[in-house]
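# Coordinate inspection notes
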Amino acid sequence: MKRVLLSWSSGKDSAWTLHVLRRRGEYEIAGLLTTINEAADRVAMHAVRRTLLQAQTAAAGLPLWMLPLPSPCSNEVYEHVMAEACQRAVTEKVDAIAFGDLFLADIRAYRERQLQGTRLEPIFPLWQVPTDQLAREMIAGGLRARLTCVDTRVLSPDFSGREFDAQLLDDLPPTVDPCGERGEFHTFCYAGPMFSRAISVACGELVLRDGFAFCDLLEEEKSLPLMNAD
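What you see is a predicted model, and the numbers here were worked out from it, not measured in a lab.

Conventions and cut-offs
- Position labels on residues start from 1 in each chain and follow its written sequence.
- Selection of residues for local features in this predicted model requires a pLDDT of at least 70, selection of side-chain atom pairs for listing and counting requires 80 or more, and totals for whole chains, interfaces and linings are taken over all residues.
- Side-chain metrics rest on all non-hydrogen atoms present in the structure, leaving aside hydrogens and water.
- Any two strands are treated as partners once DSSP identifies two or more bridges connecting them.
- A run of DSSP states H or I qualifies as a helix once it reaches four residues; a run of E qualifies as a strand once it reaches two. Both are numbered from the N-terminal end.
- Here an angle of 0 to 180 degrees is reported between the N-to-C directions of two axes, which are lines fitted to C-alpha atoms, with helices fitted over the stretch in contact.
- The contact criterion used throughout is that any non-hydrogen atoms of two residues lie within 4.5 Å.
- Any residue under 20% of the maximum accessible area for its type is buried, any over 50% is exposed, and the rest in between are partly exposed; the area is computed with a 1.4 Å probe on protein chains only.
- Between rings of Phe, Tyr and Trp, where Trp is taken as its six-membered ring, a pair exists when centres lie within 6.5 Å; planes separated by under 30 degrees are stacked, by over 60 edge-to-face, and by other angles tilted.
- A ring has a charge above it when a Lys NZ or an Arg CZ is no more than 6 Å from the ring centre and no more than 35 degrees off the ring normal.
- The term nonpolar core refers to a set of buried residues drawn from Ala, Val, Leu, Ile, Met, Phe, Trp, Tyr and Cys, joined through side-chain atoms within 4.5 Å.
- Think of a salt bridge as a Lys or Arg side-chain nitrogen and an Asp or Glu carboxyl oxygen that are within 4 Å of each other.
- Angles below 35 degrees are treated as roughly parallel, those above 145 as roughly antiparallel, those between 65 and 115 as roughly perpendicular, and all remaining angles as oblique.
- Crossings are classed by handedness, with left-handed meaning an anticlockwise turn of the near helix from the far one by less than a right angle and right-handed meaning a clockwise turn.
- Polar here means any residue other than Ala, Val, Leu, Ile, Met, Phe, Trp, Tyr, Cys and Pro, which are nonpolar, and Asp, Glu, Lys and Arg, which are charged; Gly is therefore polar.
- Pairs of N or O atoms are called polar contacts if they sit within 3.5 Å, as long as, within protein, a hydrogen donor faces a hydrogen acceptor (for residues adjacent in sequence, only side-chain-to-side-chain pairs).

Strand order in the open sheet formed by four strands is β8-β7-β10-β9, with antiparallel pairing between adjacent strands. At either end of the open sheet lies a strand with only one pairing partner, and these are β8 (185-191) and β9 (201-209). Each neighbouring strand pair of the sheet contributes to a mean axis angle of 25 degrees, computed without reference to strand direction. Helix α2 (residues 50-60) rests against β8, β9 and β10 (212-219) of the sheet, and its axis sits at about 60 degrees to β10.

Put into structure tokens, the structure is as follows:
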């Protein structure tokens, strides 16, 4: 079987991609590849705590390839960090990197360019599955997630922290993609067929910053300091 690294955001799309890859039975998953905002110690973009990320990878039974990024991070630095990860992947006999992208052609083309000459094949298992169909398939299949971040230009801040469920899909404005593929929202997946156990999470502080509303998710069994608005 091909050895595959999975680009892991901590959200529903990457989690469902893991489920799809395992269901196909054609791949050995070598690990989950995640970029971390070094200053905040959180998953880049999704603002999920490292502890929750580690709980996910433990529940998935897979090693975590964690790539720290400075904040702010230039595209040049990002590409250097990713190039080093690709070199390590080739050394460790990885054949491909899988992505949970859905339909944005420019993002797919960028990823394909970045892997040119690396000997790593880009794989897009969810590509062009209609997103309303995909969102409802995820929910029906047992995936559970919460919104961690919403773009307040297109969604009310009170969507942040909500459960990703059928009611949420019904409540989304028609201009918002059901999977948030254009960045309208990001999620944290806490349960589903890709995990051996569910992760207990609770909503902490809601933070408004730079046009986004962030829900600081906490592990329910732990008492952790809340994210501040600085």
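And the narrative resumes.
A word on unusual backbone geometry. Among all residues except glycine, the phi angle is most often negative; among peptide bonds, the trans geometry is most common. P72 follows S71 through a cis peptide bond whose omega is 0 degrees. For P72, the location among the structural elements is in the loop between β4 (64-69) and α3 (75-91). Positive phi, normally seen in glycine, also occurs at A47, with a value near 60 degrees. Residue A47 is classed as buried on the basis of its relative accessible area, which comes to 16%.

Summed over the entire model, instances satisfying the criterion amount to five aromatic pairs. Following the ring pairs from residue to residue traces out a cluster consisting of F99, F124 and W127. When the ring centre of F214 is taken as origin, the NZ or CZ atom of R209, which lies over that ring, is 4.9 Å away.

One finds L143 and F164 to be the most contacted residues of the largest nonpolar core, which totals 53 residues. L5, L69, V81 and L115 belong to the second-largest nonpolar core, a separate cluster that totals 17 residues.

A few words now on the pattern of salt bridges. Scanning the model with the defined rule gives 15 salt bridges in all. Here K2 makes a salt bridge to E121, at a shortest N to O gap of 2.6 Å. Placement of the pair is K2 in strand β1 (residues 2-7) and E121 in strand β6 (residues 121-123), with a sequence separation of 119 residues. Among the residues examined, E121 registers a relative accessible area of 34% and is labelled partly exposed. Here R3 ties to E28 by a salt bridge, and the two come within 2.8 Å at their closest N and O atoms.

Contact geometry of α3 with helix α4 (residues 105-115) gives a least axis separation of 11 Å together with a crossing angle of 55 degrees. By the angle between their axes, α3 is oblique relative to α4. As α3 packs across α4, the resulting crossing turns out to be right-handed. Residues N75, Y78, E79 and C86 of α3 lie in contact with α4, whose contacting residues are Y110, Q114 and L115. Class assignment for the residues of the contact of α3 with α4 results in four nonpolar, two polar and one charged.

Glancing now at the side chain of S160. Its location among the elements puts S160 in the loop between β7 (144-151) and α6 (166-171). On the accessibility criterion, S160 (9% relative accessible area) is buried. A distance of 3.1 Å separates the side chain of S160 from the backbone oxygen of A213, its partner in a polar contact. Setting aside residues up to four positions removed in sequence, S160 forms contacts with L147, T148, C149, V150, L206, A213, F214 and C215.

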